[in-house]
Amino acid sequence: MILSVAVFLSLVLSMPVQSLEIVSFMEVDGDTFWPFDSVDLGMVIINDESRSVVLFVEQYIVYPKTPPMPLLEEMTIAGNGDEMISDLSFEVSEYSEAGEYDHVVRVYEDDEMVLEKTSTFYIYGTTGKLEGFTSTICADHGCTDVRPVFELGETAYIFVECPNIPQVSGYVDYPDGSSEHLVFSGDVAKLKPVLGGVYTANIILSKEGFTDEVIEKEITFEESLAPPSYFFCSDVEDDMCDIHCKEGEDPDCIRMRGEFNFLLIVSAIIVIVMLVIGTLLFKMRN
């Protein structure tokens, strides 16, 4: 028994004394949090030495779909003192990303890491957000003619794309204030009204575990359409000023405008000089 105690004491005495410590207000490692829970990540660094220390603290949270954004700070802790680091605590939103989270804290002294603490926790029960969804209004099923204005008698095709593959439904608001359901076959619906006006398509994307998303698209139907005019702006340097370009788009227009202004200035100077010479000659004759 005496020998066992002696061995234990020798092991304890041989262990290095921890002069700096990171202490959490609430230990979250291994815990699971749900919407509206508070995740307390408050921490304090304790300096058990008699001397003061200058520390550089780095901390960040690693969580799904988001690269970490380190928070850096410098602090001085007096001997036998302590200092609270910036608090990254947060409340779980119903839209927070579900999955594994890591809270990492690293402490450096003289460019050498002297402390590190990683707490891994989990968030579940939240609602995801649909991403990358788009809606396009076309005049043909192949969607080669994309436009928001149609002539009565034409069919508007409403296309929806979303990588999350949600269920697609919706309705259309008519100009007279009434509404009608949109029938989607796969990811496309058709609209062919008999009255002119502006129609608003409300496209609803829904999927279990995700919040619903609504896309609004205005589609105009007119009695007749004016023939389309297409203008292309050539913004290359080809020594030709394209009149269809907006001001500042075609470098040739800018250059030619500068040359024209220069010629105007030179011409004005020549005229002034000729007037001065003419005046002097007139005075000399008289």
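Right above here is the structure, for reference.
Quick caveat, the model's predicted, so the values are computed rather than measured.

> Now, about the nonpolar core: what can you tell me, with residues and values included?
Counting residues in hydrophobic clusters, the biggest one holds 20 residues, and the most contacted among them are Ile-158, Phe-184, Ile-203 and Ile-219. Ranked by residue count, the leading element in this core is strand β18 (residues 197-206), at 4 residues. With residues up to four places along the chain from it excluded, the contact list for Ile-203 reads Ser-135, Ile-158, Val-160, Val-168, Ser-169, Gly-170, Phe-184, Glu-213, Val-214, Ile-215 and Lys-217. One finds Leu-20, Met-43, Val-57 and Met-75 within the second-largest nonpolar core, a separate group that totals 13 residues.

> Now, about the pairing of strand β19 (residues 213-222): what can you tell me, with residues and values included?
The pairing of strand β12 (residues 149-151) with β19 spans 3 bridges and is parallel. Residue pairing for β19: Glu-151 is matched across the bridge by Glu-222. The pairing of β18 with β19 spans 9 bridges and is antiparallel. By the bridge assignment, Tyr-199 is partnered in β19 with Ile-219. The antiparallel pairing of β18 with β19 creates a hairpin that spans 6 residues between the two strands, and Gly-209 there sits at a positive phi of about 90°.

> Describe the sheet that holds strand β4 (residues 43-47), and please don't skip the residues or the numbers.
Overall, antiparallel pairing links the 3 strands, which are arranged β1-β4-β7 in an open sheet. Pairing within the sheet leaves two strands with one partner each, and these edge strands are β1 (20-24) and β7 (82-84). Put simply, the sheet's adjacent strands are angled 20° from each other on average, direction ignored. The sheet contact formed by β4 and β7 spans 3 bridges and is antiparallel. Bridge pairing in β7 places Val-44 opposite Met-84.

Cut-offs and rules
- Residues numbered from 1 in each chain as written.
- Predicted model: local features only at pLDDT ≥ 70, side-chain atom pairs only at ≥ 80, totals over all residues.
- Heavy atoms only, no water.
- Core = buried A, V, L, I, M, F, W, Y, C linked by side-chain atoms within 4.5 Å.
- Buried < 20%, exposed > 50% of the residue type's maximum accessible area, 1.4 Å probe, protein only.
- Helix = DSSP H or I, 4+ residues; strand = E, 2+ residues; numbered from the N terminus.
- Contact = heavy atoms within 4.5 Å.
- Pairing = 2+ DSSP bridges.
- Axes fitted to C-alpha atoms, helices over the stretch in contact; angles between N-to-C directions.

What is shown is where atoms sit, not what they do.
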